[in-house]
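Notes for the structure review
Chain residues, written in single-letter form:
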Amino acid sequence: MKKIVFATNNAHKLEEIRAILGDRLQILGLSEMGCHDDIPETADTLEGNALLKARWVSEHYGVDCFADDTGLEVDALGGRPGVHTARYAFPDRHDPEANTLKLLDELKDADTRTARFRTAIALILDGKEYLFEGVVEGEIATEQRGTEGFGYDPVFIPENLGKTFAELGVEVKNGISHRARAVAKLAAFLLKG
């Protein structure tokens, strides 16, 4: 079985990627390699951040790896939070609940609530770089609904399904999400031939 490193210490993301890929690839997280560093994400695009993380791991550990960056792009907010999705409420730390509350507050008087989740994956394989993207369109709910998932899952309603990711559940989300779509492209590339 092909083994590859996913450049993340986020247990939720690692679990989600493993669930999507099943037993087709062996995915190692950074902690399994003894890496607990906070890899800089200083680019101004999702693709740029994914490449920064993948390059960092490749340079420091000499392994084939991939990294992702995901952004929630809300039309009424001019595409924000975008590249700042994980640190929307506080630039110095991740606080998913505060991020969600800030988003709901900023949209309380919005006429349109359309949004999209976009995931960019950067792969470094045999010294070459590749990019994959997954997008899911949807809208932002007026309040948090559901208990499954993480991050903005309780407020993101994908593609007119009428339920948030948190209401749909992890199994359904993993089949239709932005990350699932990007990972499907990554897996098809890695498993071809």
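The structure under discussion appears in the preceding block.
Definitions and limits used
Counting of residues starts from 1 at the beginning of each chain's written sequence and follows it residue by residue. Under the rules for a predicted model, residues below a pLDDT of 70 receive no local features and side-chain atom pairs below 80 are neither given nor counted, while totals for whole chains, interfaces and linings still include all residues. To obtain the side-chain values, all non-hydrogen atoms of the structure were used and water was disregarded. The rule for pairing is simple: two strands pair if DSSP sees at least two bridges between them. The helix and strand labels rest on DSSP assignments: H or I over at least four residues marks a helix, E over at least two residues marks a strand, and numbering proceeds from the N terminus. Helix span is expected to be 1.5 Å times the residue number reduced by one. Relative accessibility decides the category of a residue: with a 1.4 Å probe and only protein chains considered, values under 20% of the type maximum give buried, values over 50% give exposed, and everything between is partly exposed. Contacts are assigned to residue pairs that have any heavy atoms within 4.5 Å of one another. Think of a 1 Å grid over just the protein atoms. A cavity is a set of points where a 1.4 Å probe fits yet cannot get out, a pocket is an open set with protein on both sides within 12 Å along at least five of seven lines, and lining residues have an atom within 4 Å of a point. Grid points are joined across faces, edges and corners, and a volume is the space filled by probe spheres set on the points. Put simply, Ala, Val, Leu, Ile, Met, Phe, Trp, Tyr, Cys and Pro go in the nonpolar bin, Asp, Glu, Lys and Arg in the charged bin, and everything else, Gly too, in the polar bin.

Observations concerning the pairing of strand β6 (residues 128–140)
By the bridge criterion, 12 bridges tie strand β5 (residues 114–125) to β6 in an arrangement that is antiparallel. Along β6, the bridge assignment pairs Arg118 with Val135. Counting the residues in the hairpin turn of β5 and β6 gives 2 residues, including Asp126, whose phi is positive at 55°. Taken together, the 3 bridges between β6 and strand β7 (residues 156–158) define a ladder with antiparallel strand orientation.

What to know about helix α2 (residues 46–61)
With 16 residues, α2 should reach 22 Å at 1.5 Å per residue; the first-to-last C-alpha distance of 23 Å fits that figure. Among all positions of α2, only Leu46, Gly48, Asn49, Ala50, Leu51, Lys53, Ala54, Trp56 and Val57 are buried. Against the buried residues of α2 lie β1 (3–6), α1 (11–21), β3 (65–74), β4 (81–82), β5 and β6. Remark: Gly62 follows α2 within two positions and exhibits a positive phi of approximately 65°.

Here we look at the layout of surface pockets
Roughly 980 Å³ of internal volume is contained in the largest pocket. Around the largest pocket sit 37 residues that line it, and Asn10, Lys13, Glu41, Ala86 and His94 are the ones nearest its centre. Sorting the residues of the lining of the largest pocket by element identifies α1, α2, β3, α3 (96–106) and α6 (178–191) as the ones contributing at least two each. Looking at the lining of the largest pocket, its residues break down into 13 nonpolar, 12 polar and 12 charged. His12, Glu15, Glu16, Ala19, Gly149, Phe150, Asp153, Val170, Lys173 and Asn174 together form the lining of the second largest pocket. Elements that contribute at least two residues to the lining of the second largest pocket include exactly α1 and α5 (170–176). In terms of residue count, α1 provides more of the lining of the second largest pocket than any other element does, 4 residues in total. A breakdown of the residues in the lining of the second largest pocket according to their chemical character gives 3 nonpolar, 3 polar and 4 charged.

Don't take any of this as a statement about function, it's just geometry.
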